[in-house]
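Fold and contact review
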Amino acid sequence: MDFHGCLLKVVSSNAKSLIGVKGIVLQDKKNVFFMLSPDSEVKIVPKAGNLFEFELFDCSFRLVGSNLICKPEMRVTKHAKIKTKENIF
């Protein structure tokens, strides 16, 4: 996944001041997003403890920031492990 240029919005966060922050992703680092907000400020938003949302073709998607903590180039080779309470076959 590459989030550069994506319009992200913080939907839920451990820090109340980050809820509702939105902007275009300028840089995707291991632990943070550098985002350009609508008022032309660069904001540094940590991934841990945040729930992000973006829209694509009239569908909204939510991302758990804690699952994205790794270098962007390593996400290609890293396999996501989905943990569920029940195994459905």
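The text that follows walks through the structure, step by step, so that each part is easy to find.

Thresholds, definitions, all that
- Residue positions are given per chain, counted from 1 along the sequence in the order it is written.
- The model is predicted, so local features are restricted to residues of pLDDT at least 70 and side-chain atom pairs to those at 80 or more, both for listing and for counting; the totals for chains, interfaces and linings are taken over all residues.
- The side-chain values count all of the structure's non-hydrogen atoms but skip hydrogen atoms and water molecules.
- Here, nonpolar core means buried Ala, Val, Leu, Ile, Met, Phe, Trp, Tyr and Cys residues that are tied together by side-chain atoms lying within 4.5 Å of each other.
- Exposure classes here rest on a 1.4 Å probe applied to the protein chains alone. A residue is buried below 20% of its type maximum, exposed above 50%, and partly exposed in between.
- Contact definition: two residues touch when any of their heavy atoms are within 4.5 Å.
- Secondary structure is summarised from DSSP: a helix means a run of H or I of at least four residues, a strand means a run of E of at least two, and numbering begins at the N terminus for each.
- Two strands pair under a simple rule: DSSP has to find at least two bridges between them.
- Fitted lines through C-alpha atoms give the axes, limited to the stretch in contact for helices. The angle between two N-to-C directions lies from 0 to 180 degrees.

1. Focus on the nonpolar core
- With 14 residues, the main nonpolar core has Leu8, Phe33, Phe52 and Leu63 as its most contacted residues.
- The contacts of Leu8, once residues within four sequence positions are left out, are Val21, Lys22, Gly23, Val25, Phe33, Met35, Phe52, Glu53, Phe54 and Leu63.

2. Concerning unusual backbone geometry
- At Ser40, a residue that is not glycine, the phi angle is positive and equals roughly 60°.
- Mapped onto the secondary structure, Ser40 falls in the loop between strand E3 (32-36) and strand E4 (42-46).
- Of note, Phe57 is a non-glycine position whose phi angle comes to about 55°, a positive value.
- Topologically, Phe57 is positioned in the loop between strand E5 (50-56) and strand E6 (59-64).
- For Phe57, a relative accessible area of 75% puts it in the exposed group.

3. Describing the sheet that holds E4
- Spatially, the six strands line up as an open sheet ordered E4-E3-E2-E1-E5-E6, and their pairing is antiparallel. Across the chains shown, the open sheet's two edge strands, defined by having one partner strand only, are E4 and E6. On average, adjacent strands in this sheet sit at an angle of 45° to one another, irrespective of strand direction.
- In this sheet, E4 lies alongside E3 in antiparallel orientation, the contact comprising five bridges. Bridging across to E4, Phe33 finds its partner in Val45.

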